[in-house]
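# Overview (structure and organization)
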Amino acid sequence: MPLTPIIRFGDDTNTELLRGSVRDWLAENLPAEFRRTAANPDYLPRDGHERAVAFCKQLHAQGWFVPHWPARYEGGGLGVVEQVVIREELAYAGAPLVNTNGVNMLAPVLFKFGTAEQQEQHLPPIARSERMWAQGYSEPEAGSDLAALRMTAKRDGDHYVLDGQKTWTSNGVLADWIFVLARTSPVAGKRQAGISFFLVELDTPGITRRPIRSMTGYPTFAEEFFDGVRVPAANLVGGEGDGWRVGKALLDAERSNITRAAQAQRYLDELIDWCHGQRGTAHDPLAEPTNRIALARAVERVEVGRALSYRVAHLQAAGALDPALPSLSKLYHSELTAELRTLGAQILGPAGELMPDDPEAVLDGHFSEGLLLSLLHSIGGGTSEIQRDLISTVGLGMPR
């Protein structure tokens, strides 16, 4: 079922022509293997990830990998509206977009806080899918409470020396570089003070990497040990002690969640189509009233999620984004992802528990694998509890 906008996003003939062009190009160029996986390509085994990189390089040649970036950094030179339309079509089709840490998180920070040299050094390789990035925020005793981090960075001439550990590092297995938060001064009155943001090449002497295997069966995360790691002072983003502000901006960078909204629409469409295909059989799920009610509610929830994503993108394009909306969108789509995949697993029954590599898997195992991966969304990028706290304090003005 093709993706049909619930509203005329962009309200422009050229926007809809762009949507059609992307859809037609994907029909010709998207490998079938990626239409059959629910996994983020940064979490795939290395051979699958490399094929995803090759596809993203084709996408870059079309000007659609980072369509909203300026041409000088090898972007498409388009606007926010066009970016959302392209990302929506890619996500619905199942196109693999690698290096989400580099594209969605680090790049916006470099545009805002980076020096000209940092932008020239890192943005073009990200656009070409030549430099993969990991996110080095969490530590063994600093995850949701990020201000409790213990990694230190001490100035030594024109370098900083980093010591400490990072864990649950997104894309830590496949990345070439990592952006990290480290403490450049002792904890004072406010714990967020004295934290700095660094760009670190992962083959720097003193770094040891260990993969962390997830419940999906392949290494999704990694942990890194830093022992006297020398990082050029030129790799400091923002000023010394300005890391909290930089790091917070990074977590807000992927604002609209249009990718998750489109993926939710696709999974719901697949589930409904499958249910229609079972009509009149002994296992007709639509014969059960509770399933029909649950699917109707899912349609409502998915449409609200897409409308929310469109609203965030429109306000972002107009430069009038409510600071609480990114948290609201992130919370909504994290919970929607889990709800939808749980519903799918329930309706599909025992066959819905089979993983994608099983030849008997129903709907390519989207719901079984997706249900496991949905746990990541309620934790990564700030837990759902943190998002609720931000909505109440930043959005509603409630006391902490």
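None of the values given here were measured: they were computed from a predicted structure. (Residues numbered from 1 in each chain as written. Predicted model: local features only at pLDDT ≥ 70, side-chain atom pairs only at ≥ 80, totals over all residues. Heavy atoms only, no water.)

## Section: the environment of Ile386
Following the sequence through the fold, Ile386 ends up in helix H12 (residues 384-395). Separated by 212 residues in the primary sequence, Ile386 and Leu174 place their C-alpha atoms 28 Å from one another. (Helix = DSSP H or I, 4+ residues; strand = E, 2+ residues; numbered from the N terminus.)

## Description of the nonpolar core
Counting residues in each nonpolar core, the largest one holds 66 residues, and the members touching the most others are Leu162, Phe197 and Val200. If one sorts the elements of this core by residue count, helix H5 (residues 100-113) sits on top with 7 residues. Both of domain 1 (12-98) and domain 2 (133-242) provide at least three residues apiece to this core. Residues in contact with Val200, not counting those within four places in the same chain, are Leu162, Trp177, Ile178, Val180, Ile207, Phe226, Val229 and Val231. (Core = buried A, V, L, I, M, F, W, Y, C linked by side-chain atoms within 4.5 Å. Buried < 20%, exposed > 50% of the residue type's maximum accessible area, 1.4 Å probe, protein only. Domains from an automatic or database assignment. Contact = heavy atoms within 4.5 Å.)

## Observations regarding the domain arrangement of the chain
Once the domains are mapped, the chain shows domain 1 (12-98), domain 2 (133-242) and domain 3 (255-396). Computed over C-alpha atoms only, the centres of domain 1 and domain 2 are separated by 30 Å.

## A look at empty space enclosed by the protein
Counted under the stated rule, the structure contains 1 cavity of 30 Å³ or more. Space inside the largest cavity adds up to approximately 70 Å³. Lining the largest cavity we find Arg260, Gln263, Ala264, Tyr267, Thr337, Leu340, Arg341 and His377. Considering every element that reaches the lining of the largest cavity, the biggest residue donor is helix H8 (residues 258-277), with 4 residues. Partitioned by chemical class, the residues of the lining of the largest cavity number 3 nonpolar, 3 polar and 2 charged. (1 Å grid on protein atoms, 1.4 Å probe; cavity = no way out; pocket = protein on both sides within 12 Å on 5 of 7 lines; lining within 4 Å. Points joined across faces, edges and corners; volume = space filled by probe spheres on them. Nonpolar A, V, L, I, M, F, W, Y, C, P; charged D, E, K, R; others polar.)

## Some thoughts on the side chain of Glu223
Locating Glu223 in the fold gives a position in strand S7 (residues 219-232). Buried charged residue Glu223 carries no salt bridge. Nearest counter-charge: Arg210, at 4.4 Å. Discounting residues that sit within four places of it in the chain, Glu223 has contacts with Gln165, Lys166, Thr167, Thr208, Arg209, Arg210 and Ile212. (Lys, Arg positive; Asp, Glu negative; His and termini not counted. Salt bridge = Lys/Arg side-chain N within 4 Å of Asp/Glu carboxyl O.)

## So, the pattern of salt bridges
Going through the model one piece at a time under the given rule, you end up with 18 salt bridges. Among the salt bridges present, the one from Arg128 reaches Glu74, with a minimum N-O distance of 2.5 Å. Of this pair, Arg128 sits in the loop between helix H6 (116-127) and strand S1 (133-136) while Glu74 sits in the loop between helix H3 (46-61) and helix H4 (80-93), placing them 54 residues apart in sequence. Using a relative accessible area of 25% as the deciding quantity, one classes Arg128 as partly exposed. One salt bridge connects Arg128 with Glu130, and the closest N-O pair in it is separated by 2.9 Å. Residue classification places Glu130 among the partly exposed residues on the basis of a relative accessible area of 45%. By sharing partners, the salt bridges in this structure join Glu16, Arg19, Arg23, Glu88, Glu89 and Arg306 into a single network.

## Quick notes on the pairing of strand S2 (residues 152-156)
Pairing of S2 with strand S3 (residues 159-170) involves 5 bridges; the strand directions are antiparallel. Bridging from a neighbouring strand, Ala153 pairs with Leu162 of S3. What sits between S2 and S3 in their antiparallel hairpin is a turn of 2 residues, with Gly157 showing a positive phi close to 65 degrees. (Pairing = 2+ DSSP bridges.)

## Observations regarding unusual backbone geometry
At Asn99, a position not held by glycine, the phi torsion is positive, near 60 degrees. Mapped onto the elements of the fold, Asn99 is located in the loop between H4 and H5. Asn99 gets classed as buried once you look at its relative accessible area, which sits at 0%.

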